[in-house]
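Coordinate analysis (summary)
Single-letter residue listing:
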Amino acid sequence: MAQLTAVLEIKSTVSKEITIEIKDTDSERAYETYKLEKGTNSISVPITIAHPKLWWTRELGEQNLYTFYANILDEDDILAEVSVQTGLRQIQLIRNKDKYGTTFQFELNGIPIFAKGANHIPNDSFQTDVTEERYRHEIATAAASNMNMLRVWGWRHL
């Protein structure tokens, strides 16, 4: 079972009651009613997935992804909508004392993995000059080099 929380930031010009509809690619829709206040509202919506399809590194399994949708409704009118795609996984850095000092071991979904990776630094000081094709080439090159982890020094939403 996966317990998640969707956090929505809603800016409203009026105080009013709205309904938030949350759904994902594998489950039924969930509806919750909330009271918005004038200004910025932060609303946390719990999500439970009974049998989640987990995300794994390439050598361990599928890279299952979920698309989550949130609609803000006023009666039957959609006031706003957003979608987010993500993988569900649990990753832990295990630091136990041993005879050499302290371990540095990652576990993915409870399975120890050997992290093979690199640092990915920004391609350009002007992020808008970097194309999606260039990013995809760099990720594909890392995968072809048998890497399973990249430390990203910045983020550009594709």
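In case you missed it, the structure is sitting above this.
Thresholds applied
- Residue positions are counted from 1 within each chain, in the order its sequence is given.
- The predicted nature of this model means local features are confined to residues of pLDDT at least 70 and side-chain atom pairs, given and counted, to a pLDDT of 80 or more, with totals for whole chains, interfaces and linings taken over all residues.
- The side-chain values count all of the structure's non-hydrogen atoms but skip hydrogen atoms and water molecules.
- Here a strand is any run of E in DSSP of at least two residues, a helix any run of H or I of at least four, and the numbering for each starts at the N terminus.
- Throughout, radius of gyration means the C-alpha value; the globule benchmark is 2.2 Å times the number of residues raised to the power 0.38.
- In this scheme, a residue with accessible area under 20% of its type's maximum is buried, one over 50% is exposed, and one in between is partly exposed, where area comes from a 1.4 Å probe on protein chains only.
- Note on contacts: a residue pair is in contact if any heavy atoms of the two residues lie within 4.5 Å.
- Strands qualify as paired when DSSP identifies two bridges or more between them.
- For crossovers, right-handed means that the path from the first strand over the helix to the second runs clockwise, given strands pointing away from the viewer.

Focus on the overall build of the protein chain
Along its length, the protein chain carries one helix and 13 strands. Counting from the amino terminus, the protein chain carries its helices and strands in the arrangement β-β-β-β-β-β-β-β-β-β-β-β-α-β. A globule of 158 residues ought to have a C-alpha radius of gyration of about 15 Å, yet the protein chain, at 20 Å, is considerably larger. In terms of principal-axis extent, the alpha carbons of the protein chain reach across some 60 × 40 × 30 Å. Each of the 158 residues in the protein chain was classed as buried or not, and the buried ones make up 24%.

Looking at the environment of Leu 150
Considering the arrangement of structural elements, one finds Leu 150 in strand β13 (residues 149–152). Residue Leu 150 is classed as partly exposed on the basis of its relative accessible area of 29%. Each C-alpha atom of the pair Leu 150 and His 120 lies 6.3 Å from the other, and the pair is 30 residues apart in sequence. For Leu 150, the residues in contact, after removing those within four places along its chain, are Ala 118, Ile 139 and Ala 142.

As for the pairing of β13
Remember that side chains alternate between the two faces of the sheet whenever the strand is regular. Summarising the sheet, strand β12 (residues 117–120) and β13 pair through four bridges and their orientation is parallel. Of the residues in β13, the one forming a bridge with Ala 118 is Leu 150. Remark: the β12/helix α1 (residues 132–144)/β13 crossover connection has right-handed handedness.

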